[in-house]
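# Remarks on the overall topology
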Amino acid sequence: MGQVYPHIDDRIRDFLLAQPVFFVATAPADPSGHVNLSPKGMSGSFAVLGPLRCAYLEYGGSGNETVSHLRDDPAGGRITLMFCAFSGPPKIYRLHGHGQVLLPQDPGFAEMLANFPEPAPGLRNINVVDVTRVSDSCGYAVPLMEYQGDRDLLSRYWDRRTPEEQAEYRARKNATSIDGVPVRW
């Protein structure tokens, strides 16, 4: 069993920020709904805001389970972020907490966005996580893999779309979760 930490200290923060990919898990309020697990990446898309707070940029894609799940729970949706070392010493960190969705039109969005470098095209929202548990585990079974760089396909896709086309895409592809829960833009 791993160790539980009181907060994200400098050593943990440095580890989290050094990982080119992390994973996000959420669940709908309805226990019969599907748990979602999504990989996240793109350089500069994750920020540690404090000892028990972090955020990440969410770009448009084929689904939108995370936003649906976080907005489905009025008390703040449960969320877990997992970071694995694919190079160097084996280690896994998990950040458990409650998430909040900030859309571009929401108060506080611009201030939160200032914590990140210039976003790539297609930024849909920012997910802010109030962390309630920080833990690690060994990561001995995580394979060693070589990071070759960020893919540019998503940025190129959204760069070719007008704001109207982006809104139409969200309305068509991101209006509900796979369980039919409305996203509530």
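Notes on the structure in this doc start here. Bear in mind the structure is a predicted one, so any value in this text is a computation, not a measurement. (Residues numbered from 1 in each chain as written. Predicted model: local features only at pLDDT ≥ 70, side-chain atom pairs only at ≥ 80, totals over all residues. Heavy atoms only, no water.)

Moving on: unusual backbone geometry. Glycine aside, residues mostly have negative phi, and peptide bonds are mostly found in the trans state. Non-glycine residue Met 42 carries a positive phi angle of around 80°. Assignment of secondary structure puts Met 42 in the loop between strand E3 (36–40) and strand E4 (46–50). (Helix = DSSP H or I, 4+ residues; strand = E, 2+ residues; numbered from the N terminus.)

Right, let's get into the nonpolar core. One broad rule of soluble globular proteins: the nonpolar side chains tend to lie buried together. Counting 24 residues, the largest nonpolar core has Leu 16, Phe 46, Leu 81, Phe 83 and Leu 95 as the members making the most contacts within it. Residue assignment for this core shows that the elements contributing at least two residues are helix H1 (10–18), strand E2 (22–26), strand E5 (53–59), helix H2 (65–72), strand E6 (77–84), strand E7 (92–102) and strand E8 (123–137). Among all residues touching Leu 16, those that are not within four sequence positions of it are Ile 8, Phe 46, Val 48, Phe 83, Tyr 93 and Leu 95. (Core = buried A, V, L, I, M, F, W, Y, C linked by side-chain atoms within 4.5 Å. Buried < 20%, exposed > 50% of the residue type's maximum accessible area, 1.4 Å probe, protein only. Contact = heavy atoms within 4.5 Å.)

Direction of pairing for E4 relative to E5: antiparallel, over a ladder of four bridges. Within the sheet, the bridge partner assigned to Gly 50 lies in E5 and is Arg 53. As consecutive antiparallel partners, E4 and E5 are separated by two residues. (Pairing = 2+ DSSP bridges.)

As a further point, take the environment of Gln 100. Its place among the elements puts Gln 100 in strand E7. The exposure class assigned to Gln 100 is partly exposed, which follows from its relative accessible area of 37%. It is 8.2 Å that separates the C-alpha atoms of Gln 100 and Asp 130, two residues lying 30 residues apart in sequence. Other than its neighbours up to four places away in sequence, Gln 100 contacts Arg 53, Leu 70, Ile 126, Asn 127 and Val 128.

If charged atoms from side chains of opposite charge come close, those side chains can pair. Under the criterion given, the structure shown has nine salt bridges. A salt bridge links Lys 40 to Glu 58, with the nearest nitrogen and oxygen atoms 2.4 Å apart. Of the two residues, Lys 40 sits in strand E3 while Glu 58 sits in strand E5, which places them 18 residues apart along the sequence. Owing to a relative accessible area of 4%, Glu 58 belongs among the buried residues under this scheme. Across the pair Asp 136 and Lys 91 runs a salt bridge, and its minimum N-O distance is 3.1 Å. Separated by 45 residues along the polypeptide, Asp 136 in strand E8 and Lys 91 in the loop between E6 and E7 bring together distant segments of the chain. Accessibility expressed as a relative area gives 9% for Asp 136, which makes it buried. By relative accessible area, Lys 91 is classed as partly exposed at 25%. (Salt bridge = Lys/Arg side-chain N within 4 Å of Asp/Glu carboxyl O.)

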